[in-house]
Amino acid sequence: MNEDLRNQFFAESIFHLVREKYSELTDGCFSTSSQARHKVLAGIVMTRGFDLRSAQVVSLATGTKCLDSDNVSDHGGTLSDCHAEVVSRRALVRFLYAQLELLLREPADSEEQSIFVPNKGGGGFRLQDGVLFHMYVSSSPCGDARLNCPYETTAAYPSRRFHCHLRVKVDGGEGTLPITAPMANVNRTGVAQGKPPVTMSCTDKMAKWSVVGLQGALLSHLVEPVYLHSLTVGTLNHTGHLGRAMARRLAPVKNLLFPYRRQQLLLGCLNSSEVRPTGKAPNVSMNWSCGDGGLEEISTSTGRRKDSGTPSQLCKRSMFARWQRLQQQFQFNAADTTPGTYSASKMAAGHYQRAMQQFTSALQGGGLGSWLRKPPELGHFNVSV
């Protein structure tokens, strides 16, 4: 089998693994008229090398919407971006926390072995050699990688003019608009002023993950960057647009400090006729992490659990509490264990923030727009653990 056929077979296999896991989780659990219906499905598969016999789906999510701006500022208790790609990444982070927690157990307590091992050169952890992560998304991620965006067919936004540009999600999450300079609601630090809070497109977020990793700023205090190895896309795909958006526009990002790097994604598109569901997108986003008993349903109008109205297991508060417990138990950076705010703890991840600055500066230097950050006051909260 030549390399192209082998890569295509691998991409199709990732798709089938995610689709089968989703079918397994929804079978008999949800009515097909509402919750099981979805516009976009995303999932992440873990392998040892490229051995599909070791393949394991570790996170899943559905969704195409963003929270209305009026409901965002509640001190980390809501999911503001419910696009499937973004939620599946958060579900993966939850899986990574569980893998770190395995290291704290006595060997006799669990037969499962963590995918993390201690760093040879000092504190913190890294993935075991050969552990790879692969994402499947049933539709091209919104933003620069997607063709024929209906919001950019007007004379004001001719699509060719804004190829490669950073984009923000239109409030509600059903479309994107290019970031153009100057923007009246942005200050010099890239923070959006007033309303609405800004949510970057999925294409741009995935490009960011190729530089700073999937683990996020908090977890980078504990582990080396965790990168996607491959991305498989279903409908609305175009390998040229994917390659431009995910790789070629990142070429100026250079001289990253170890262990950060610019990860070159293996890109795959399905040959099979995966049909994007028609009809109106449901007002729910679902998520699952390996080890969960079932899917969690999030209302995209509130960003909270649909059944109880309580915060999601993936919300910032939940992740922050889990991170603080691990920081205390591993006793890293003992001088800095005084609980700070969510925002302060993220900003204290110096190497991560340096890599993020190099990423955003390279894009801005190339005339592709400024990366817009949500107002920092949204992260000015503490949790007790």
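- Taking an unreviewed UniProt entry as the reference, the protein is identified by name as A to I editase domain-containing protein belonging to Perca fluviatilis.

A short note on the pattern of salt bridges
Then, in step 1: Going through the model one piece at a time under the given rule, you end up with 11 salt bridges.
Then, in step 2: Residue Asp81 pairs with Lys205 through a salt bridge whose shortest N-O separation is 2.8 Å. Of this pair, Asp81 sits in strand S4 (residues 81-83) while Lys205 sits in helix H3 (residues 202-212), placing them 124 residues apart in sequence.
Then, in step 3: A relative accessible area of 5% places Asp81 in the buried class.
Then, in step 4: The residue Arg167 makes a salt bridge to Asp144 at a minimum N-O spacing of 3.4 Å. Placement of the pair is Arg167 in strand S8 (residues 167-169) and Asp144 in the loop between strand S7 (131-139) and S8, with a sequence separation of 23 residues.

Examining the environment of Phe95
Then, in step 1: Mapped onto the secondary structure, Phe95 falls in helix H2 (residues 84-102).
Then, in step 2: Through-space distance from the C-alpha of Phe95 to that of Asp292 is 9.6 Å; in sequence the pair is 197 residues apart.
Then, in step 3: Not counting residues within four places of it along the chain, the set of residues in contact with Phe95 comprises Met46, Val58, Ile115, Phe133, Ser289 and Cys290.

A word on helix H8 (residues 350-365)
Then, in step 1: Given a rise of 1.5 Å per residue, 16 residues ought to cover 22 Å, and the 22 Å separating the end C-alpha atoms of H8 matches this to within 8%.
Then, in step 2: Within the span of H8, buried status applies to Tyr352, Gln353, Ala355, Met356, Gln358, Phe359, Thr360, Ala362 and Leu363.
Then, in step 3: Looking at the buried residues of H8, the elements they touch are H3, helix H4 (216-219) and helix H7 (342-347).
Then, in step 4: Positive phi appears at Gly367, one or two residues downstream of H8, with a value of about 75°.

A look at the environment of Met246
Then, in step 1: As for its position among the elements, Met246 is in helix H5 (residues 239-246).
Then, in step 2: Separated by 39 residues in the primary sequence, Met246 and Ala207 place their C-alpha atoms 5.3 Å from one another.
Then, in step 3: Setting aside anything within four residues of it in sequence, one finds Met246 in contact with Pro141, Thr203, Met206, Ala207 and Leu231.

Considering the packing of aromatic side chains
Then, in step 1: Counted under the stated rule, the structure contains 9 aromatic pairs.
Then, in step 2: Ring centres of Phe15 and Tyr136 lie 5.2 Å apart, and the angle between their planes is 50°; this geometry places the pair in the tilted category. Here the residue Phe15 occupies a position in helix H1 (residues 3-26), and Tyr136 occupies one in strand S7, the gap between them amounting to 121 residues.
Then, in step 3: Each ring, one from Phe359 and one from Trp371, has its centre 5.4 Å from the other, and the planes form 65°; the classification is edge-to-face. One end of the pair, Phe359, is in helix H8; the other, Trp371, is in the segment after H8, and 12 residues separate them in sequence. Pair check on accessibility: Phe359 and Trp371 agree, each one buried.
Then, in step 4: Cluster of aromatic residues (ring-pair linked, three or more members): Phe320, Trp323, Tyr342 and Phe381.

What about the layout of surface pockets?
Then, in step 1: If you add up the space inside the largest pocket, you get close to 1000 Å³.
Then, in step 2: Taken together, 38 residues form the lining of the largest pocket, with Lys208, Lys316, Tyr342, Lys346 and Lys374 sitting closest to its centre.
Then, in step 3: When contributions to the lining of the largest pocket are tallied by element, the ones reaching two or more residues are H2, H3, H4, helix H6 (316-330), H7 and H8.
Then, in step 4: When residues of the lining of the largest pocket are assigned to their parent elements, the largest contribution, 5 residues, is made by H2.
Then, in step 5: Among the residues making up the lining of the largest pocket, the classes are represented as 21 nonpolar, 8 polar and 9 charged.

Comments concerning H1
Then, in step 1: In this model, H1 (24 residues) spans 35 Å end to end at C-alpha, consistent with the 34 Å of a helix rising 1.5 Å per residue.
Then, in step 2: Among all positions in H1, only Phe10, Ala11, Glu12, Ser13, Ile14, Phe15, Val18, Lys21, Tyr22, Leu25 and Thr26 are buried.
Then, in step 3: Check the buried side of H1 and you find it contacts strand S1 (41-48), strand S2 (51-62), S7, strand S10 (228-235), strand S11 (266-269) and strand S12 (284-289).
Then, in step 4: The distance from a side-chain oxygen at the start of H1 to the backbone nitrogen of Asp4 is 3.1 Å, and the residue carrying that oxygen is Asn2.

So, how was this worked out
- Each chain carries its own residue numbering, running from 1 in the written order of its sequence.
- Restriction of local features to residues with pLDDT of at least 70 applies here, the model being predicted, together with a cutoff of 80 or more for giving and counting side-chain atom pairs; totals for whole chains, interfaces and linings are based on all residues.
- Side-chain descriptors were evaluated using all non-hydrogen atoms of the structure, hydrogens and water having been removed beforehand.
- Salt bridge, as used here, is a side-chain nitrogen of Lys or Arg placed within 4 Å of a carboxyl oxygen of Asp or Glu.
- Secondary structure elements follow DSSP: runs of H or I no shorter than four residues count as helices, runs of E no shorter than two count as strands, and numbering proceeds from the N terminus.
- Residue exposure (1.4 Å probe, protein chains only): buried if accessible area is under 20% of the type maximum, exposed if over 50%, otherwise partly exposed.
- Whether two residues touch is decided by their heavy atoms; if any such pair falls within 4.5 Å, the residues are in contact.
- In this analysis, the expected span of each helix is defined as 1.5 Å times one less than the number of residues it contains.
- Side-chain rings of Phe, Tyr and Trp, where Trp is taken by its six-membered ring, are said to pair if the distance between their centres is within 6.5 Å; with planes under 30 degrees apart they count as stacked, over 60 as edge-to-face, and otherwise as tilted.
- Two kinds of site are reported from a 1 Å grid over the protein atoms alone, namely cavities, where a 1.4 Å probe fits but cannot get out, and pockets, open sets with protein on both sides within 12 Å along at least five of seven lines, and residues are called lining when an atom falls within 4 Å of a point.
- Grid points are joined across faces, edges and corners, and a volume is the space filled by probe spheres set on the points.
- Residue type decides the class: Asp, Glu, Lys and Arg count as charged, Ala, Val, Leu, Ile, Met, Phe, Trp, Tyr, Cys and Pro as nonpolar, and the leftover types, Gly among them, as polar.
- Polar contact is the term for a pair of N or O atoms within 3.5 Å; when the atoms are in protein, one must be able to donate a hydrogen and the other to accept it, and sequence-neighboring residues count only if both atoms are side-chain atoms.

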